[in-house]
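Spelled out, the chains give:
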Amino acid sequence: QVQLVESGGGLVQPGGSLRLSCAASGVTLDYYAIGWFRQAPGKGREGVSCISISDGGTYYADSVKGRFTISRYNAKNTAYLQMNSLKPEDTAVYYCAAGHFCTGYVLYGVASWGQGTQVTVSS
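Residues numbered from 1 in each chain as written. Predicted model: local features only at pLDDT ≥ 70, side-chain atom pairs only at ≥ 80, totals over all residues. Heavy atoms only, no water.

1. Side note on the pattern of salt bridges
Thought 1: Per the counting criterion, the structure on display carries 4 salt bridges.
Thought 2: Of the charged contacts in the structure, one is a salt bridge between Lys65 and Asp62, with a shortest N-O distance of 3.2 Å. Note on accessibility: Lys65 and Asp62 belong to one class, exposed.
Thought 3: The network of salt bridges with shared partners includes Arg38, Glu46, Arg67 and Asp90. (Salt bridge = Lys/Arg side-chain N within 4 Å of Asp/Glu carboxyl O. Buried < 20%, exposed > 50% of the residue type's maximum accessible area, 1.4 Å probe, protein only.)

2. A few points about the pairing of strand β7 (residues 68–73)
Walk down a regular strand and you will see the side chains alternate between the two sheet faces.
Thought 1: Alternating residues of β7 divide into Phe68, Ile70 and Arg72, all buried, and Thr69, Ser71 and Tyr73, none buried.
Thought 2: The pairing of β7 with strand β8 (residues 78–83) spans 6 bridges and is classified as antiparallel. Bridge pairing links Ile70 to Leu81 in β8.
Thought 3: In textbook terms, the turn of a hairpin is the stretch between consecutive antiparallel strands, and for β7 and β8 this stretch comprises 4 residues, one of which, Asn77, has a positive phi near 55°. (Helix = DSSP H or I, 4+ residues; strand = E, 2+ residues; numbered from the N terminus. Pairing = 2+ DSSP bridges.)

3. Observations concerning the nonpolar core
Burial of nonpolar side chains together is a common tendency in soluble globular proteins.
Thought 1: Of all hydrophobic cores here, the largest spans 28 residues; its most connected members are Trp36, Phe68, Leu81, Met83 and Tyr94.
Thought 2: Put simply, the parts of the chain that give this core at least two residues each are β3 (18–25), β4 (33–39), β5 (46–51), β7, β8, β9 (92–99) and β13 (117–121).
Thought 3: If we ignore the near neighbours within four places in the chain, the residues touching Leu81 are Leu18, Arg19, Leu20, Trp36, Ser49, Phe68, Thr69, Ile70 and Tyr94.
Thought 4: The next biggest cluster of nonpolar side chains, apart from the first, holds 6 residues, and it includes Phe37, Cys50, Ala97 and Cys102. (Core = buried A, V, L, I, M, F, W, Y, C linked by side-chain atoms within 4.5 Å. Contact = heavy atoms within 4.5 Å.)

4. Side note on the sheet that holds strand β1 (residues 3–7)
Thought 1: Read across the sheet, 4 strands follow the order β1-β3-β8-β7 without closing on themselves; strand pairing throughout is antiparallel. One side of each edge strand has no neighbouring strand; the edge strands of this open sheet are β1 and β7. Adjacent strand axes in the sheet meet at a mean angle of 15°, parallel and antiparallel pairs treated alike.
Thought 2: Bridge count for β1 against β3 is 5 bridges, and the pairing is antiparallel. (Axes fitted to C-alpha atoms, helices over the stretch in contact; angles between N-to-C directions.)

This is the structure we're talking about:
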C-alpha cells in the first residue's frame, strides 16, 4: 500500500516562509513524478507545482512562480515544497501526489495522494 505523509504546514504571517515535506512509504519516488496541489475554502483543487522524474525539470503555476520551489531527495524518499513570500491568498490545504508525469505544472496520472496539510497565511 502506497502512503504519502505530509508535514510542515501551519500558521504564518504574510511574507513568511514554510517548507512542506512529503514522505513516501510503499513506493520508491525515483519512479514517479511528484506534484503539489492546493484547495482553498470553497474552491476546487488546483495544481501548484510538478517535478519530473526524467530530467528533474520543475514547473510552477503563475500564481506561485518565483516564490515556491519544488524539490526531491530520492535517497530519503521525500519531496519538498519551499514556500517563500507567502500571501493570504496562498491559504489552503496543500496535497502532495505521486504520478506518471508532469503536464506543465500539473501532475498527470496520480497514483497516490497525501492526506493534506493546512497552510494559513494571516496577520
